[in-house]
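# Structural overview
Chain by chain, the residues:
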Amino acid sequence: DTAVSQTPKYLVTQMGNDKSIKCEQNLGHDTMYWYKQDSKKFLKIMFSYNNKELIINETVPNRFSPKSPDKAHLNLHINSLELGDSAVYFCASSQRDEKLFFGSGTQLSVL
Amino acid sequence: GESVGLHLPTLSVQEGDNSIINCAYSNSASDYFIWYKQESGKGPQFIIDIRSNMDKRQGQRVTVLLNKTVKHLSLQIAATQPGDSAVYFCAENMQGFQKLVFGTGTRLLVSP
């Protein structure tokens, strides 16, 4: 069973569109995250949620809106996609500030 | 040898060699450190962690060393294998803060 699963694996879309990425974890963790990895492989935190509450928002444009319906799910909705949003987005989960478990990533390409 | 260019620093080793990947962390208040391995097309995978009350921790074929005085972390991989080829990241966290901050990564290339 996959511990942290995110869909889709690939997302190709036009500028200006709105898209969502879904994430689910079956580890029973109380904290979930979104990270963005750029073309230079740099991994940067975007958001973290603890028990459905937003804990960290790292000055991400408000076109990005995370939603956590329950503590096992953290979805990422992106409005008005821009070329610079092209990256790999990783969902992760952890038990409080312990080690993170990552999903396999969603490669977003904005054309 | 090790080289730093416009992209990821790369460490090239021969199969069977021991590899050492270094990392300088930024926050002197960080008290928890993790090494991750990322293979192409996959998410980062946990390798080993260490807390600031220790200066060395060993796993299977891997050892992490922590030098808090100079804010330096290293990952040693014994008898490196082609399957160890990947990008390796160090990450730091501060107790009570759910924000793991990643270093820039080092690409390890293992040739047979």
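Here, every reference points to the structure presented above.
Residues numbered from 1 in each chain as written. Chains lettered and ligands numbered in written order. Predicted model: local features only at pLDDT ≥ 70, side-chain atom pairs only at ≥ 80, totals over all residues. Heavy atoms only, no water.

## Here's the deal with the overall build of chain A
The test is simple: Here a strand is any run of E in DSSP of at least two residues, a helix any run of H or I of at least four, and the numbering for each starts at the N terminus. Each radius of gyration is computed over the set of C-alpha atoms, and the globule rule expresses the reference value as 2.2 Å times the number of residues to the power 0.38. Relative accessibility thresholds used throughout: buried, under 20% of the residue-type maximum; exposed, over 50%; partly exposed, between the two (1.4 Å probe, protein chains only). Any two residues whose heavy atoms approach within 4.5 Å are treated as being in contact. Method for areas: the Shrake-Rupley scheme with a 1.4 Å probe, in which residue coverage is limited to the protein chains shown.
Each helix and strand in chain A was counted, giving 0 helices and 11 strands. Shown N-terminal to C-terminal, the secondary structure of chain A runs as helices and strands in the order β-β-β-β-β-β-β-β-β-β-β. Relative to its length of 111 residues, chain A is compact, with a C-alpha radius of gyration of 13 Å against a globular reference of 13 Å. Counting only C-alpha atoms, chain A reaches 35 × 25 × 25 Å along its principal axes. Residues classed as buried in chain A amount to 46% of the 111 residues present. When contacts within chain A are restricted to residue pairs at least 6 apart in sequence, long-range pairs at least 24 apart make up 53% of them. When the accessible area of chain A is evaluated, it comes to approximately 5,500 Å², of which 49% is carbon and sulfur surface.

## Comments concerning the pairing of strand E7 (residues 62–67) of chain B
Residues and elements named next belong to chain B. Defined as follows: Two strands pair if DSSP finds at least two bridges between them.
One ladder, built from 3 bridges, connects strand E6 (residues 56–58) with E7; its direction is antiparallel. Counterpart to Gln58 in the pairing with E7 is Thr63. Strand direction decides the pairing type here: E7 and strand E8 (residues 72–77), joined by 6 bridges, are antiparallel. Its bridge partner being in E8, Leu66 is matched across the sheet by Leu73. The hairpin formed by E7 and E8 contains 4 residues between the paired strands, and Lys71 there has a positive phi angle of roughly 55 degrees.

## Quick word on the interface of chain B and chain A
Convention followed: Accessible area that two parts lose when put together, with a 1.4 Å probe and added across both, is what the buried area reports. By definition, a salt bridge exists where a carboxyl oxygen of Asp or Glu is found within 4 Å of a side-chain nitrogen of Lys or Arg. For this analysis, a polar contact is any N or O atom pair within 3.5 Å, provided that within protein one partner can donate a hydrogen and the other can accept it, and provided that sequence-adjacent residues contribute only side-chain to side-chain pairs. Put simply, Ala, Val, Leu, Ile, Met, Phe, Trp, Tyr, Cys and Pro go in the nonpolar bin, Asp, Glu, Lys and Arg in the charged bin, and everything else, Gly too, in the polar bin.
Taken together, the contacts link 25 residues of chain B with 24 residues of chain A. Between chain B and chain A the total buried area reaches about 1,900 Å² when both faces are included, carbon and sulfur atoms providing 56% of it. Among the residues of chain B in contact with chain A, Gln98, Lys99 and Phe102 of chain B are the three that bury the most area, contributing 33% of the side total. Applying the counting rule to chain B against chain A returns 2 salt bridges. At the junction of chain B and chain A, the tally comes to 7 residue pairs in polar contact (both at pLDDT 80 or more). For the side of chain B that touches chain A, the secondary structure elements donating two or more residues are strand E4 (32–38), strand E5 (45–51) and strand E9 (86–93) of chain B. When residues in the side of chain B that touches chain A are grouped by element, the largest group, 4 residues, is from E4 of chain B. Of the residues belonging to the side of chain B that touches chain A, the class tally is 12 nonpolar, 9 polar and 4 charged.

## Section: the sheet that holds strand E3 (residues 19–24) of chain B
Residues and elements named next belong to chain B. For clarity, the cut-off: An axis is simply a line fitted to the C-alpha atoms; with a helix, the fit covers only the stretch in contact. Between two such axes, the angle follows the N-to-C directions and lies from 0 to 180 degrees.
Strand order in the open sheet formed by 4 strands is E3-E8-E7-E6, and the pairing between neighbours is antiparallel. Looking at which strands have only one partner, the edges of the open sheet turn out to be E3 and E6. Across the sheet, the mean angle from the axis of one strand to that of its neighbour is 15 degrees, orientation sign disregarded.

## Describing the packing of aromatic side chains
The line we're drawing: Any two rings among Phe, Tyr and Trp, with Trp reduced to its six-membered ring, count as a pair given centres within 6.5 Å; such a pair is stacked if its planes are under 30 degrees apart, edge-to-face if over 60, and tilted if neither.
What the rule picks out here adds up to 11 aromatic pairs over all chains. Arranged with centres 5.5 Å apart and planes meeting at 80 degrees, the rings of Tyr35 of chain A and Phe102 of chain B form a pair that is edge-to-face. Note that Tyr35 of chain A is positioned in strand E4 (residues 31–37) and Phe102 of chain B in strand E10 (residues 101–102), a pairing that runs across two chains. Here Phe102 of chain A and Tyr36 of chain B contribute two aromatic rings whose centre-to-centre distance is 5.5 Å and whose plane-to-plane angle is 90 degrees, an arrangement assigned as edge-to-face. Residue Phe102 of chain A is found in strand E10 (residues 101–102), and its partner Tyr36 of chain B is found in strand E4; the two belong to separate chains. The class for Phe102 of chain A is buried, based on a relative accessible area of 11%. Taken together, the aromatic side chains of Tyr33, Tyr35, Phe90 and Phe102 of chain A together with Tyr36, Phe46, Phe89 and Phe102 of chain B make up a single cluster linked through ring pairs.

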